[in-house]
2 protein chains.
Amino acid sequence: MSHEHVDLRSRLRDSGLRLTPQRELILAAVDRLGHATPDEVLAEVRQHSSAVNASTVYRTLEVLEELGLVRHAHLSDRAPTYHSVTDHEHFHLVCRNCGRIVSVGPDMLQPVTDRLRDEQAFVVDVGHLTVFGTCVECPGEQA
Amino acid sequence: MSHEHVDLRSRLRDSGLRLTPQRELILAAVDRLGHATPDEVLAEVRQHSSAVNASTVYRTLEVLEELGLVRHAHLSDRAPTYHSVTDHEHFHLVCRNCGRIVSVGPDMLQPVTDRLRDEQAFVVDVGHLTVFGTCVECPGEQA
DNA sequence: CTGCTTGCAAAAAGTTTGCAAGGCA
DNA sequence: TGCCTTGCAAACTTTTTGCAAGCAG
């Protein structure tokens, strides 16, 4: 009944695809989680409703990404993390020591994206970008 | 007999590790290949000499990275790629359409790394950075 | 009804690990 | 000789795929 619901249905239909409970559940889970791996999405869905198969999660995340409703980034050397595309485009900072993840707006990158476009004829996909590094003074939880 | 050889041996010894033919072969393969996945490194080593085990490749790349002789970046959503650290630090541009990979010096990022340090107290690991996007006019091999 | 979707199970891809034999220093 | 390294095989994690049954439109 929400606007998201209607939006998802129409986006799917425009591509000749169908609205299923699984697809609604998975999109809702991604929304709630913020940044989550397919595995975490699966666990979240199962917690809020009936069981869904892992392969359905993979296939659905792929569909949702093609529709532009979610995006993924690589916030670790392991599994990718998906997030919903409700907010503005942003990229991520990841601290290798404390694991802190910060979202940063595209403005910060402007000088770089401009130069890459002019000098390398290259258009940056800002939303997929993950910048690894370390906090100057970090909580030092991990590593 | 090369300087690399001596350098590798001494670096290993400084950490209480040993120089083995496998470690020389794997480092040499990474040097020749430029950017290569563990799998590609394995194939290259086998082509130039006797068989080496896959697990040895993984273990050796890990050791070489700890010693600072190689680095890895994620140039695809699949396996990581390793490159030797002979040249200056650089980051990578990857075109999703044609697969082109371009190495870019750290200067390009200066404005961003400066701002992230000042505004987010975050020090960027430039060498690990991979920037995905598309060439303005690309050969259009893949996708 | 039509054919897109799902669940299931198996396969694939990439990586890790335990352990005994081997070899560098 | 000591113990770091390797090979081998098995286990593991994450993702993909084929196929028949299920369900949205």
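Note that the coordinates shown come from a computational prediction; the quantities given were computed from them, not determined experimentally. Counting of residues starts from 1 at the beginning of each chain's written sequence and follows it residue by residue. Following the order in which they are written, the chains are lettered starting with A and the ligands numbered starting with 1. The model is predicted, so local features are restricted to residues of pLDDT at least 70 and side-chain atom pairs to those at 80 or more, both for listing and for counting; the totals for chains, interfaces and linings are taken over all residues. Neither water nor hydrogens contribute to the side-chain values; these are computed over all heavy atoms in the structure.

(A) Broad picture of the relation of the copies chain B and chain A. Fitting of the copies onto one another was done by least squares over C-alpha atoms, counting residues only where both copies have pLDDT of at least 70. Take chain B, turn it by 179 degrees, move it 0.1 Å along the axis, and it overlays chain A with an RMSD of 0.2 Å. Both copies of the chain, as the preceding transformation shows, are related through a two-fold rotation axis. A share of 100% of interface residues in chain B that are also interface residues in chain A marks the association as one of identical surfaces. Note on contacts: a residue pair qualifies if any of its non-hydrogen atoms lie within 4.5 Å across the two residues.

(B) Spotlight on the protein's contact with DNA strand D. Proximity is defined per residue: any heavy atom of the residue falling within 4 Å of a molecule or strand makes that residue near it. Around DNA strand D sit 23 residues in total, of which Tyr58 of chain A together with Leu17, Arg18, Arg23 and Thr56 of chain B are the nearest. Within 4 Å of the protein, the contacting atoms of DNA strand D are 67% sugar and phosphate, with bases supplying the remainder. In the analysis that follows, any N or O atom pair within 3.5 Å is treated as a polar contact, provided that within protein one partner can donate a hydrogen and the other can accept it, and provided that, for residues neighboring in sequence, both atoms belong to side chains. Within the contact set of DNA strand D, a phosphate oxygen lies 3.2 Å away from a side-chain nitrogen or oxygen of Arg9 of chain A. At 2.9 Å from a base nitrogen of DNA strand D is found a side-chain nitrogen or oxygen belonging to Arg59 of chain B.

(C) Molecular detail of the interface of chain B and chain A. Each partner contributes to the interface: chain B provides 33 residues, whereas chain A provides 33 residues. Accessible area that two parts lose when put together, evaluated with a 1.4 Å probe and summed over both, is termed the buried area. The largest per-residue losses of area from chain B upon contact with chain A belong to Met108, Gln120 and Phe122 of chain B, which jointly make up 22% of the total buried on that side. Salt bridge, as used here, is a side-chain nitrogen of Lys or Arg placed within 4 Å of a carboxyl oxygen of Asp or Glu. Two residues, Asp125 of chain B and Arg96 of chain A, come together in a salt bridge whose shortest N-O distance is 3.0 Å. Here chain B and chain A share 14 residue pairs in polar contact (both at pLDDT 80 or more) between them. Where the side of chain B that touches chain A is concerned, the elements lending two or more residues are strand S1 (70-73), strand S3 (91-95), helix H5 (110-120), strand S5 (122-124) and strand S6 (130-135) of chain B. When residue character is reported, Ala, Val, Leu, Ile, Met, Phe, Trp, Tyr, Cys and Pro are called nonpolar, Asp, Glu, Lys and Arg charged, and the others, Gly included, polar. Its residues assigned to classes, the side of chain B that touches chain A comprises 18 nonpolar, seven polar and eight charged. Pairing between strands requires that DSSP locate at least two bridges from one strand to the other. Helical segments are the DSSP runs of H or I of at least four residues, strand segments are the runs of E of at least two, and each set is numbered from the N terminus. Direction of pairing for strand S5 (residues 122-124) of chain A relative to S6 of chain B: antiparallel, over a ladder of three bridges. By the bridge assignment, Phe122 of chain A is partnered in S6 of chain B with Cys135 of chain B.

(D) Focus on the UniProt feature "binding site: Zn(2+)" (unreviewed entry) in chain A. UniProt positions are given in the numbering used here, feature names are shortened, and annotations may be inferred rather than shown by experiment. Per the UniProt annotation, the sites labelled "binding site: Zn(2+)" (unreviewed entry) are Cys95, Cys98, Cys135 and Cys138 of chain A. These annotated residues cover 44 residues of sequence, but their C-alpha atoms sit close together, with the largest distance between any two at 8.3 Å. In the annotated set above, the residues contributing to the lining of the second largest pocket are Cys95 of chain A. Assignment of secondary structure puts Cys98 of chain A in the loop between strand S3 (91-95) and strand S4 (101-104). Discounting chain neighbours no more than four positions away, the residues touching Cys135 of chain A are Cys95, Cys98 and Arg100 of chain A together with Ala121 and Phe122 of chain B. Here a cavity denotes grid points, spaced 1 Å and computed from the protein atoms alone, that fit a 1.4 Å probe unable to get out, and a pocket denotes an open set having protein on both sides within 12 Å along at least 5 of 7 lines; residues with an atom within 4 Å of a point are the lining.

(E) The packing of helix H3 (residues 38-48) of chain B against helix H4 (residues 54-66) of chain B, seen in detail. Residue and element names in this part refer to chain B. One way to put it is that H3 packs onto H4 with a least axis distance of 10 Å and a crossing angle of 115 degrees. Viewed along their axes, H3 and H4 form a crossing whose handedness is right-handed. For the pair H3 and H4, contact is made by Pro38, Val41 and Leu42 and by Ala54, Val57, Tyr58 and Leu61, respectively. Class assignment of the residues belonging to the contact of H3 with H4 gives a composition of seven nonpolar, no polar and no charged. Every angle, taken between N-to-C directions, lies between 0 and 180 degrees, and every axis is a line fitted to C-alpha atoms, over only the stretch in contact when it is a helix. In this scheme, a crossing is called left-handed if the near helix is turned counterclockwise away from the far one by less than a right angle; it is called right-handed if the turn is clockwise.

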